[in-house]
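# Per-entry structural report
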Amino acid sequence: MKIGLFLTNSCNFQCRHCLVNSTLEKNITNEEIINRFYEIVKYNKPETVYIVGGEPLLFIDKVEEIINNLREYCSNFIIFSN
């Protein structure tokens, strides 16, 4: 099983071919959704967790926090970055 979190639609690029309707504004998924995501991962124990967005690495501290919180339940993390 694979589970993904769409962390942000913020991106420092504005590629015409991108499927994400990204923005230069810095915004991130709210904590309520992230906490619910933790519950889903803990319950399902997927083989892979994807962290995607516009550019999730604009929020590298949050990405590290998410991975550290879920490392016990999943050991394979893939981050889609520009």
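Attention in this report is confined to the structure presented alongside it.

So, how was this worked out
Residues numbered from 1 in each chain as written. Predicted model: local features only at pLDDT ≥ 70, side-chain atom pairs only at ≥ 80, totals over all residues. Heavy atoms only, no water. Helix = DSSP H or I, 4+ residues; strand = E, 2+ residues; numbered from the N terminus. Expected span 1.5 Å × (residues − 1). Buried < 20%, exposed > 50% of the residue type's maximum accessible area, 1.4 Å probe, protein only. Arc of directions from axis to C-beta. Contact = heavy atoms within 4.5 Å. Polar contact = N/O pair within 3.5 Å; in protein donor to acceptor, adjacent residues only side chain to side chain.

## A short note on helix H1 (residues 31-44)
Compared with the 20 Å implied by 1.5 Å per residue over 14 residues, the 20 Å span of H1 between its first and last C-alpha is a close match. Listing the buried residues of H1 in full gives Ile34, Phe37, Tyr38 and Val41. All buried residues of H1 fall inside an arc of 105° around its axis, so they share one side. Counted as exposed and oriented over 90 degrees from the buried face of H1: Glu32 and Tyr43. At its buried positions, H1 is contacted by strand S1 (2-8), strand S2 (48-53) and helix H2 (60-70). The N-cap residue of H1 is Asn30: its side-chain oxygen and the backbone nitrogen of Glu32 are 3.1 Å apart.

## Regarding the environment of Pro46
Turning to its location among the elements, Pro46 is positioned in the loop between H1 and S2. Each C-alpha atom, one on Pro46 and one on Arg71, is 11 Å from the other, the two residues being 25 residues apart in sequence. The residues contacting Pro46, other than those within four sequence positions of it, are Met1, Lys2, Ile3, Val41, Tyr73 and Cys74.

Structural measurements only, silent on function.
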